[in-house]
Amino acid sequence: MWRKKGLKISEQSRQLAEISKKFDDPLFLVEKNNMGQDMIDELIDTWNLNVESFVTGGVSQKKDELIRFLIQAFEHEQIVIPQGNLETHQQMMILLEELAKFSVTYTHAGNEQYKGMAAHDDS
């Protein structure tokens, strides 16, 4: 896991290229919204990385659906949280804290609804 804020797209792309080498060219999912297309172009054109784009908040896509997708991926062990050494455990706690920013609430009609419970739920 690598986290950093405030970097230019070129620096982010360089870091992702290094990660890609270490992990045998994995698929990177990159949000296309806002400056995402610039990132996608840099990752593909400069670094020849394996990239797939997605759009959040589109007409037919809701945050609830994305969260349900993540839940299913965890349940089917497509996403696994490593429980290795102390360093791994500490890094995974950061991830779990991010995931904990979302919660299930219920509408007046009794329907399930996923909501970001923190002021900034897209770190």
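So, here's what we can say about the structure. Fair warning: this is a prediction, and the values are worked out from it, not measured in the lab. (Residues numbered from 1 in each chain as written. Predicted model: local features only at pLDDT ≥ 70, side-chain atom pairs only at ≥ 80, totals over all residues. Heavy atoms only, no water.)

1. Description of the pairing of strand β1 (residues 28-31)
In regular strands, side chains alternate between the two faces of the sheet.
Next, step 1: Burial of the side chains of β1 is restricted to one face: Phe28 and Val30 are buried, whereas none of Leu29 and Glu31 on the reverse face is.
Next, step 2: Pairing geometry for β1 and strand β2 (residues 51-54), over 4 bridges, is parallel. The residue of β2 that forms the bridge with Leu29 is Glu52.
Next, step 3: With helix α2 (residues 36-45) bridging β1 and its parallel neighbour β2, the resulting β-α-β unit is right-handed. (Buried < 20%, exposed > 50% of the residue type's maximum accessible area, 1.4 Å probe, protein only. Helix = DSSP H or I, 4+ residues; strand = E, 2+ residues; numbered from the N terminus. Pairing = 2+ DSSP bridges. Right-handed = clockwise from strand over helix to strand, strands pointing away.)

2. Some remarks on the environment of Asp38
Next, step 1: Note on placement: Asp38 falls in helix α2.
Next, step 2: Judged by its relative accessible area of 38%, Asp38 is partly exposed.
Next, step 3: Distance in space between the C-alpha atoms of Asp38 and Ile9 is 7.6 Å, their sequence separation being 29 residues.

3. Considering the nonpolar core
Next, step 1: Listed in full, the 9 residues of the largest apolar core are Leu16, Ala17, Phe28, Val30, Met39, Ile40, Leu43, Leu49 and Val51.
Next, step 2: Taken together, the elements giving at least two residues each to this core come down to α1 (9-22), β1 and α2.
Next, step 3: No other element matches the 3 residues that α2 contributes to this core.
Next, step 4: Leave out the neighbours within four places in its chain, and Leu43 touches Ser13, Leu16, Val30, Asn48, Leu49 and Val51. (Core = buried A, V, L, I, M, F, W, Y, C linked by side-chain atoms within 4.5 Å. Contact = heavy atoms within 4.5 Å.)

4. Looking at the pattern of salt bridges
Next, step 1: The full count for this structure, using the stated rule, is 4 salt bridges.
Next, step 2: Where Arg3 meets Glu98, a salt bridge forms, and the shortest distance between an N and an O atom there is 3.2 Å. With Arg3 in the segment before α1 and Glu98 in helix α4 (residues 86-99), this residue pair connects regions lying 95 residues apart in the sequence.
Next, step 3: A salt bridge links Arg14 to Glu11, with the shortest nitrogen-to-oxygen separation between them at 2.7 Å. Of this pair, Arg14 and Glu11 both sit in helix α1, separated by 3 residues, roughly a single helical turn.
Next, step 4: One connected set of salt bridges, linked through shared partners, spans Arg3, Glu98 and Lys101. (Salt bridge = Lys/Arg side-chain N within 4 Å of Asp/Glu carboxyl O.)

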